[in-house]
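Structural overview
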Amino acid sequence: MFLRLAQQHRQFVQDLVMNLQALATVLERRGYPASCYTCGDQMNSASFMVSLGENHLIRFLVSDYGITWTEMRDDRELMKLEGAEAVNQLQELANIIKQPLPASVGNKTLAKR
């Protein structure tokens, strides 16, 4: 049973890393500085960062050791979430970018939320 759970966790982390890479690409195309770095070919960890506006930074870390969402503004930590709460917050970010951009507002929509 534990070996199966360990394998499922590894697969979850790999899936999450692939989705973070895709999210970084979409955000970059929308004009937001974003990056997703992984170590090695195993896709067992990643560091995802995006700047949502003036001094507003999101950092999402995932590895076999855990998952962390950190939101900072003006170099101060506003919020730090771990585990399922961190993944839920990441989903909220993904939902926001799925919305079409209003023509008059442009790329500033995400930064104001």
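Residues numbered from 1 in each chain as written. Predicted model: local features only at pLDDT ≥ 70, side-chain atom pairs only at ≥ 80, totals over all residues. Heavy atoms only, no water.

A few words now on the overall build of the protein chain. On a plain count of helices and strands, the protein chain comes out with three helices and five strands. Taken from the N to the C terminus, the helices and strands of the protein chain come in the order α-β-β-β-β-β-α-α. Look at the contacts in the protein chain between residues 6 or more apart in sequence, and 35% of them connect residues 24 or more apart. Of the roughly 7,400 Å² of accessible surface on the protein chain, 53% is carried by carbon and sulfur atoms. (Helix = DSSP H or I, 4+ residues; strand = E, 2+ residues; numbered from the N terminus. Contact = heavy atoms within 4.5 Å. Areas by Shrake-Rupley, 256 points an atom, 1.4 Å probe, with all protein chains shown as cover.)

This next bit is on the pairing of strand β5 (residues 76–82). Judged from the six bridges that link them, strand β4 (residues 66–73) and β5 form a sheet pairing that is antiparallel. When the sheet's bridge partners are listed, E71 is paired in β5 with M79. (Pairing = 2+ DSSP bridges.)

In terms of burial, β4 is a largely internal element, six of the eight residues being buried. In the sheet, strand β3 (residues 56–63) pairs with β4 via eight bridges, with the strands oriented antiparallel. Within β4, the residue paired with R59 across the bridge is T70. Count of turn residues in the β3/β4 antiparallel hairpin: two residues. (Buried < 20%, exposed > 50% of the residue type's maximum accessible area, 1.4 Å probe, protein only.)

Structurally, H56 can be placed in strand β3. Exposure remark for H56: the relative accessible area of 3% places this residue in the buried category. Only 2.7 Å separates the side chain of H56 from the side chain of R73, close enough to count as a polar contact. (Polar contact = N/O pair within 3.5 Å; in protein donor to acceptor, adjacent residues only side chain to side chain.)

Ordered in space as β1-β2-β3-β4-β5, the five strands form an open sheet in which the pairing is antiparallel. Each having just a single partner strand, β1 (34–38) and β5 make up the two edges of the open sheet. Within this sheet the neighbouring strands show an average axis-to-axis angle of 15°, counted without direction. Sheet contacts for helix α1 (residues 2–29): β1, β2 (46–53), β3 and β4; angle to β1, the most-contacted strand, approximately 150°. (Axes fitted to C-alpha atoms, helices over the stretch in contact; angles between N-to-C directions.)

By size, the foremost hydrophobic cluster in this structure holds 25 residues, and its most contacted members are L20, L27, F48, V50, F60, V62 and L93. Among the secondary structure elements, those contributing two or more residues to this core are α1, β1, β2, β3, β4 and α2 (83–98). Ranked by residues supplied to this core, first place goes to α1 with seven residues. (Core = buried A, V, L, I, M, F, W, Y, C linked by side-chain atoms within 4.5 Å.)

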